[in-house]
Number of protein chains: 2
Amino acid sequence: MKEKVRVAILGLGTVGSGVYKIIQKQKEEFPFKVGADVEVAKILVRNTKKAREGVDMSLITDKWEDIINDESIDIVVEVMGGIEPAKTYITEALEHDKHVVTANKDLIAEHGHELLELAKEHKCDLLFEAAVAGGIPIIRPLKQCLAANKITEIMGIVNGTTNFILTKMTDEGMEFADALQLTTDLGYAEADPTADIEGLDAGRKIAILASVAFNFRVTFSDVYTEGISNISAKDIKYAKELGCVIKLIATAKNSDTGIEVRVTPMFIPKAHPLASVNDSFNAVFVHGDSLGDAMFYGRGAGELPTASAIMGDVIDVCRNMAFNCNARIGCTCYKDLPIKSINDIQSKYFVRTLLEDRPGTLASVASTFSSNNASIDQMVQKTKYPGTAEVVFIIDNVEESLFKRAISELRAMHYVKEISSIIRVHNDLNY
Amino acid sequence: MKEKVRVAILGLGTVGSGVYKIIQKQKEEFPFKVGADVEVAKILVRNTKKAREGVDMSLITDKWEDIINDESIDIVVEVMGGIEPAKTYITEALEHDKHVVTANKDLIAEHGHELLELAKEHKCDLLFEAAVAGGIPIIRPLKQCLAANKITEIMGIVNGTTNFILTKMTDEGMEFADALQLTTDLGYAEADPTADIEGLDAGRKIAILASVAFNFRVTFSDVYTEGISNISAKDIKYAKELGCVIKLIATAKNSDTGIEVRVTPMFIPKAHPLASVNDSFNAVFVHGDSLGDAMFYGRGAGELPTASAIMGDVIDVCRNMAFNCNARIGCTCYKDLPIKSINDIQSKYFVRTLLEDRPGTLASVASTFSSNNASIDQMVQKTKYPGTAEVVFIIDNVEESLFKRAISELRAMHYVKEISSIIRVHNDLNY
């Protein structure tokens, strides 16, 4: 083993700073943990002039060449985010036989498989524990601890921003716009929160999780996504009455007929472990054929939690270096499975409507649902307005295409004044 | 890599049968997962005559020599339990350069460190993910994913039998004896449930967890244990009123003044993630300096969940064999830390008393507590009997020795008719 393992950090934003801090904090521990010192060799930034408190400025560079051409650098930690130039840098690092640790979900969800191939070719590690659910150990447990299971289902709350918004809406009765504003004011939401609130961020993470769990290459383009911007305080109130909370759930299922991967808001029964995952916490719920149900819970983002996952990977690379066994666990995708179209996926649905208040309306709505193979599991009519009534339905498991047809038929009917909300419902309300 | 990895199973009880089943179920997958077939070479049992459904009887033996002298056997899976002969077999297996996977918490909690040394000497893996919390990945996440953290606290619900009993007492108002009887009738409790209900089983698991998390050798003899047999339905009712549930908690803390390791019943605030871990589920809550709070939840026992953890270890051994890097992660204990005596540990306490109902009694009790540095955080007096009143106190953080002195002074006072219950309380009731 080398005396010193030298690490380059690409990007010194929130997570990069966390990585730098942990390397300082753990300085004395590394020799015991990996049999070598671990030190920061270089830090790649865009602006070398910017003051950076507590950082050794002699390590700062804005030239990739300083890193890629430095043969003493063993590990490249990529925490810039985005596809380019991260992809080029990682590719070149692997081509130069440098190990890579990344937190880049966009890149891994899109190009993870080809990069893992390249890593294997060069006998390098390419680790990405931090790309999903921040500090929570989930990639390594799936690849190793649960490796003897057929994983049949994953359900994750993997976006802290939307979970914080939904928690505020649930606990304080806020509307979406106000909760989003609060989240922005608190600095939790990005300047452009689209990727979070529209479920794209969660979509990238579930693509990665599904690939690892099902041993099959799922990319972001395979994922159906819906966000939370249409969820109203009223829907949340109905959810409560039905013994549920609304969460943005990233789901992947592995059934005999194919793989389903999607992100949608969902009614989750209160007794389900995911229902009590609140604020900006994340959790990943897994069902394995031998394991049964399990859940992994913790901080899905933030400087030190994310850096904790990255540094766990760095320590793994170092231990592999000591035993000359890098690339020991690379890409674990070896299956070929069909991916289901969203139209073929069965779901339960919550449907909130505004109907004309006259005899025969409900019978007609019910018959529209049933003629499309959608049966009504529950129905609640509580609020009446002059001439109209708010009626909500829980529709039993039905294929999305049939459900959509029922909805479009309903929309065309003159006594259906409004289809106000459509939200998916967890398969087992009696969980 | 060899074409076939050959596994011997020691013991064919519940968990051994699970291991056998998973090896059959995953037959087609092993070549993709580890680059080799994995097959059962021999199964060691006490009674070779017993019929065993679905098991290839030609593999059954009652002679350890058949296994230890068979050079084609690469991995020994020990699922017999107990200290001997398991310790001898594991020792001999390692001495014969065979890798070992075990679920034996008694053995690992007592002799884990010496066995890990022996494994290292022989460049063998000795893995024990299944020894703590059954199917839940916790040893590997602590050793790898969280390796860059200083873990400061672990709190676990790691005994399913007691958690099931406490859940029944909480949900259905049962008394301990009835809930234990139900648990026995359902086949969840052992014939002799002492190790479970007195916290010994949990004590062994927390010794292992503390060793792994704190990089320091903690053995079972370092663990203070209290069981749940004194918990009454009345205590559980008071817990509810205080916004808590009572759980049997295995705790390990790593503070500047030393390490605390203990198993005790505890009031847990309802908002804490551990509070909603019910029935026979287990969970391990971890706090790391970088990670923050995290929790691992799932099945802590049972045939297939425990076998899932064992087979995850077996797959790890195979992957190490393929890269010739066995013993890559062995004993991770390199620190020397003081272990605190239970007398020096600070706790909050719930104290239920029966006091003479006359003026001055409460003032006198309060003064006894305060003269021992124990301050009353909350006090509830609800039930009056002729001449006496039931009064409960929540006592703020105080050293156990001082608290005990206060209690023994109280017991000596004629107006204290009874100290009915003493139960520890989670540090943060407003969690």
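This write-up is about the structure you can find in this document. (Residues numbered from 1 in each chain as written. Chains lettered and ligands numbered in written order. Predicted model: local features only at pLDDT ≥ 70, side-chain atom pairs only at ≥ 80, totals over all residues. Heavy atoms only, no water.)

Quick word on the pattern of salt bridges
Counted according to the given criterion, the structure contains 60 salt bridges over all chains. K21 of chain B serves as the salt-bridge partner of E303 of chain B, at 2.8 Å between the closest nitrogen and oxygen. You can see E303 of chain B sitting in helix α12 (residues 303-322) and its partner K21 of chain B sitting in helix α1 (residues 14-25), a full 282 residues away along the chain. Several salt bridges converge on common partners, so that one network encompasses E129, R140, D313 and D316 of chain A together with R328 of chain B. (Salt bridge = Lys/Arg side-chain N within 4 Å of Asp/Glu carboxyl O. Helix = DSSP H or I, 4+ residues; strand = E, 2+ residues; numbered from the N terminus.)

Digging into the side chain of D293 of chain A
Within the secondary structure layout, D293 of chain A lies in strand β12 (residues 292-299). Put simply, D293 of chain A is tucked away with no salt bridge, and the nearest opposite charge, on R299 of chain B, sits 6.3 Å away. At a separation of 2.6 Å, a polar atom in the side chain of D293 of chain A contacts the side chain of H287 of chain A. If we skip the residues at most four places from it in the chain, D293 of chain A touches F285, V286, H287 and Y431 of chain A together with F281, Y297, G298 and R299 of chain B. (Buried < 20%, exposed > 50% of the residue type's maximum accessible area, 1.4 Å probe, protein only. Lys, Arg positive; Asp, Glu negative; His and termini not counted. Polar contact = N/O pair within 3.5 Å; in protein donor to acceptor, adjacent residues only side chain to side chain. Contact = heavy atoms within 4.5 Å.)

Considering the relation of the copies chain B and chain A
When chain B is fitted to chain A, the best match, at an RMSD of 0.0 Å, comes from turning it 180 degrees and sliding it 0.0 Å along the axis. These values place the two chain copies in the arrangement generated by a two-fold rotation axis. For chain B, the smallest separation between a C-alpha atom and the rotation axis is recorded for F296 of chain B, amounting to 2.5 Å. Interface residue correspondence from chain B to chain A reaches 100%, placing this contact among same-surface, isologous pairings. (Least-squares fit on C-alpha atoms with pLDDT ≥ 70 in both.)

Points about the nonpolar core
One finds I138 of chain A together with I138 of chain B to be the most contacted residues of the largest nonpolar core, which totals 167 residues. In this structure I138 of chain B touches E129, V132, A133, L209, V284, V286 and F296 of chain B, once residues within four positions along its chain are discounted. (Core = buried A, V, L, I, M, F, W, Y, C linked by side-chain atoms within 4.5 Å.)

Remarks on the interface of chain B and chain A
The interface is formed by 52 residues belonging to chain B together with 52 residues belonging to chain A. Across the chain B/chain A interface, buried area totals approximately 4,300 Å², and carbon plus sulfur atoms make up 56% of it. The interface formed by chain B and chain A includes six salt bridges. The salt bridge involving D289 of chain B is made with K25 of chain A; its shortest N-O contact spans 3.3 Å. Run the count over chain B and chain A and you get 24 residue pairs in polar contact (both at pLDDT 80 or more). (Buried area = accessible area lost by both parts, 1.4 Å probe.)

Concerning the environment of R319 of chain A
Examined against the element boundaries, R319 of chain A turns out to sit in helix α12 (residues 303-322). Each C-alpha atom, one on R319 of chain A and one on K33 of chain A, is 8.4 Å from the other, the two residues being 286 residues apart in sequence. Excluding residues within four positions of it along the chain, R319 of chain A makes contact with K33 and V34 of chain A together with K143, Q144, A147, R328, I329 and T332 of chain B.

Considering helix α14 (residues 400-411) of chain B
Residues and elements named next belong to chain B. With 12 residues, α14 should cover 16 Å at 1.5 Å per step; its first-to-last C-alpha distance of 16 Å lies within 8% of that length. For α14, the complete set of buried residues consists of E400, L402, F403, A406, I407 and L410. Summarising the axial view, the buried residues of α14 lie within an arc of 165 degrees, below the 170-degree limit, and thus occupy one face. The secondary structure elements touched by the buried residues of α14 are β8 (224-225), β13 (346-356), α13 (361-371), β15 (388-399) and β16 (416-425). (Expected span 1.5 Å × (residues − 1). Arc of directions from axis to C-beta.)

Points about unusual backbone geometry
Cis geometry is found at the peptide bond from E84 of chain A to P85 of chain A, where omega equals 5 degrees. Here P85 of chain A is to be found in the loop between β4 (75-78) and α4 (86-95). You will see that A327 of chain A, though not glycine, has its phi angle at about 65 degrees, which is positive. You can see A327 of chain A is positioned in the loop between α12 and β13 (346-356). Its identity as a non-glycine residue notwithstanding, D279 of chain B has a phi of 55 degrees, on the positive side. Here D279 of chain B shows up in the loop between β10 (258-269) and β11 (281-288). The class of D279 of chain B is partly exposed, set by a relative accessible area of 35%.

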